[in-house]
Amino acid sequence: MAISHYRDQLRKIKELGPVDSIKVDVDGTLVFLRPVDESEETVHLMTEWRNKYGHVFRTKFKATEDKTRKYIRNQIMNNPDRILFMIILKNQKIGHIGVFNYDEINNTAEIDNVLRGVRNNSPGLMEKVTKSVIRWMFEDLKLSKVLLKVSSDLYKAINLYERCHMLTVRTIPCKRVFTEDGWRWEETLLQTESDFGERYINTMEITKESYLLYEKMFK
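My aim in this report is to walk through the structure given alongside it, one point at a time. Predicted, not measured: the structure shown is a model, and the values here were computed from it.

## Here we look at the overall build of the protein chain
What the protein chain contains, in helices and strands, is 6 helices and 10 strands. Whereas a compact globule of 219 residues would reach a radius of gyration of roughly 17 Å, the protein chain reaches 17 Å, a difference of no more than 12%. Across its three principal axes, the protein chain shows a C-alpha extent of roughly 50 × 45 × 40 Å. For the protein chain, with 219 residues in total, the buried portion stands at 44%. A fraction of 65% describes how many contacts in the protein chain between residues 6 or more apart in sequence connect residues 24 or more apart. Of the roughly 12200 Å² of accessible surface on the protein chain, 51% is carried by carbon and sulfur atoms.

Pasting the structure below:
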């Protein structure tokens, strides 16, 4: 079954621990993707990035290292359907990118948690990292389609994904729902022509066929 293959591939990588799993060549400099761990360094960096770049996420709250540690353990490491990679450049953790939300019926999964937490002089790095993850999802996870969701006002992010040959296939209105320590954006339905969303989420995708075509064209 497809879901068994998907979970087996993620499990095998997680069982190896924080070792380099995907290698990316960025203009002659090697960048590595390594499964997230619970080290003090990782927890500290992810907490810092979550607070600094909270506007790119669909939930807003004050991150703490304790919350981050529990998130890594419960939502990532102990979740058979999800994986998060730290992006390693010159032995420095500079961001992360993940995969989750496998759909067995359509054999799809989503790219998740794309974030560059440390800025440096490596233009095009996130584009090549994202393309490498897409390649891994098609070639290793054997998916039929790769999806992601991004807020429609995050223009730089959308431009990045378009350079990875992903297309916007739908735009969904959202409303802000307040929680005890912040808020979250929830998808909603507009009831009348005068209704409007407080924010909009773009669903973007690339199919296996499109991926193979672009690989052939730009090889």
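## A word on the pattern of salt bridges
Throughout the structure, instances matching the rule amount to 20 salt bridges. Between Arg82 and Asp112 there is a salt bridge whose closest N-O contact spans 2.7 Å. One end of the pair, Arg82, is in the loop between α3 (65-77) and β4 (83-89); the other, Asp112, is in strand β6 (residues 108-116), and 30 residues separate them in sequence. Within the structure, one salt-bridge network assembled from shared partners comprises Asp8, Arg11 and Glu15.

## Describing the packing of aromatic side chains
On inspection of all chains with the given rule, the structure shows 4 aromatic pairs. Here the aromatic rings of Phe178 and Trp183 are separated by 6.1 Å at their centres, their planes lie at 75°, and the arrangement is edge-to-face. On the basis of relative accessibility, which here comes to 59%, the residue Phe178 falls in the exposed class. Sitting above the plane of the Phe57 ring, Arg50 keeps its charged end 3.9 Å from the centroid. Stacked on the ring of Trp183, the Lys or Arg Arg176 has its end atom at 4.7 Å from the ring centre.

## Quick look at unusual backbone geometry
At Lys90, a position not held by glycine, the phi torsion is positive, near 55°. Secondary-structure assignment places Lys90 in the loop between β4 and β5 (92-103). Note on Lys90: relative accessible area 68%, which makes it exposed. Phi is positive for Asn113, close to 55°, though the residue is something other than glycine. Along the chain, Asn113 turns up in strand β6. For Asn113, a relative accessible area of 14% puts it in the buried group.

## Observations regarding the nonpolar core
Ranked by size, the top nonpolar core spans 55 residues in total, and within it Trp136 and Met137 carry the most contacts. By residue number, the principal contributor to this core is helix α4 (residues 125-139), which donates 8 residues.

## A closer look at the side chain of Gln9
Counting through the fold element by element, Gln9 comes out in helix α1 (residues 2-15). If near-sequence neighbours (up to four positions away) are discounted, Gln9 is found in contact with Asp140 and Leu141.

Thresholds, definitions, all that
- Residues numbered from 1 in each chain as written.
- Predicted model: local features only at pLDDT ≥ 70, side-chain atom pairs only at ≥ 80, totals over all residues.
- Heavy atoms only, no water.
- Helix = DSSP H or I, 4+ residues; strand = E, 2+ residues; numbered from the N terminus.
- Rg over C-alpha atoms; globule rule 2.2 N^0.38 Å.
- Buried < 20%, exposed > 50% of the residue type's maximum accessible area, 1.4 Å probe, protein only.
- Contact = heavy atoms within 4.5 Å.
- Areas by Shrake-Rupley, 256 points an atom, 1.4 Å probe, with all protein chains shown as cover.
- Salt bridge = Lys/Arg side-chain N within 4 Å of Asp/Glu carboxyl O.
- Phe/Tyr/Trp six-rings, centres within 6.5 Å; stacked < 30°, edge-to-face > 60°.
- Lys NZ or Arg CZ within 6 Å of the ring centre and 35° of its normal.
- Core = buried A, V, L, I, M, F, W, Y, C linked by side-chain atoms within 4.5 Å.

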